[in-house]
Amino acid sequence: MHYKADELLNSINEDVDLDSLSDDIKQILISKNDEFIYPKGLTIKNINKAALSQILINLVDNALKYNDKPKRIIKLTYDSDLFFHKFEVSDNGIGIPKDKQEDIFEIFKTIKNDFRKSSTGIGLSTVKDLVAKLGGTVSVSSTIDVGSTFCFTIAK
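Chains are numbered independently. Their residues run from 1 in the order of the written sequence. The predicted nature of this model means local features are confined to residues of pLDDT at least 70 and side-chain atom pairs, given and counted, to a pLDDT of 80 or more, with totals for whole chains, interfaces and linings taken over all residues. Side-chain numbers here rest on the full set of heavy atoms in the structure, without hydrogens or water.

A.B. asks: Go over the overall build of the protein with me, naming the residues and quoting the values.
C.D. replies: A run of DSSP states H or I qualifies as a helix once it reaches four residues; a run of E qualifies as a strand once it reaches two. Both are numbered from the N-terminal end. Looking only at helices and strands, the protein features four helices and seven strands. When the helices and strands of the protein are listed from N to C terminus, the series reads α-β-α-β-β-α-β-β-α-β-β. Relative accessibility under 20% of the residue-type maximum defines a buried residue, over 50% an exposed one, and the middle range a partly exposed one, all with a 1.4 Å probe and only protein chains included. In the protein, buried positions account for 44% of the 156 residues. Counting only contacts in the protein whose residues sit at least 6 apart along the sequence, the fraction spanning at least 24 positions is 69%. Values of accessible area rely on a 1.4 Å probe in the Shrake-Rupley scheme; residue burial ignores everything except the protein chains shown. Approximately 8500 Å² of the protein is accessible, and the part contributed by carbon and sulfur atoms is 51%. The contact rule is simple, with two residues in contact once any of their heavy atoms fall within 4.5 Å.

A.B. asks: Which residues make up the environment of F150, and what are the values?
C.D. replies: The topology assignment puts F150 in strand β7 (residues 147–155). Taking relative accessible area as the criterion, F150 reaches 6% and is therefore assigned buried. Residues F150 and V89, 61 residues apart in the sequence, show an inter-C-alpha distance of 5.2 Å.

A.B. asks: Quick rundown of the sheet that holds strand β5 (residues 84–91)? Include the residues and the values.
C.D. replies: When DSSP finds two or more bridges between two strands, those strands count as paired. If you trace the five strands from one edge of the open sheet to the other, you get β2-β4-β5-β7-β6, paired in mixed fashion. Since the sheet does not close on itself, it has two edges, and those belong to β2 (35–37) and β6 (138–143), each with one partner. The sheet shows a mean angle of 15 degrees between the axes of neighbouring strands, direction not considered. Sheet topology note: the β2/strand β4 (residues 73–80) ladder contains three bridges and is parallel. By the bridge assignment, F36 is partnered in β4 with I74. Only the stretch in contact is used when fitting a helix axis, every axis being a line fitted to C-alpha atoms; angles between N-to-C directions are given from 0 to 180 degrees.

What follows is the structure, encoded as structure tokens:
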């Protein structure tokens with residue numbers, strides 16, 4: 001499910017129904033034992049839907065992959081200001097050691113993951129690339145055994 005960033009960026013901006021996009025993500029990634037929480041009834045105005053979809057799919061996929069809880073919980077939040085769309089994807093997963101938090105955005109860098117399928121190390125580097133090309137930033141905060149929160153912005 002990884003696409004070249006430049007191909008996604010050729011898509012035109014449009015209004016995105018977050019319910020519909022989140023339902024698509026649930027269909028693709030979320031199992032019946034997992035919970036995906038997102039703002040209901042929200043339309044995000046004038047945003048690159050293809051790029052946003054890929055960013056969210058990659059972040060949710062990682063949140064599920066790096067989670068050892070019986071019930072994996074992923075929460076998406078959205079806010080905006082005059083200049084940026086602001087998103088957060090939080091999980092209740094294994095967390096990321098502080099000394100690895102910058103490395104995870106580099107291509108082919110992964111955290112050891114003994115309880116799930118291995119990772120290619122491409123997903124988060126794709127997120128970083130897309131977000132940067134959309135005029136935004138991405139960061140992570142994390143606590144071991146509690147979970148991680150990925151924050152990203154996209155310029156309006």
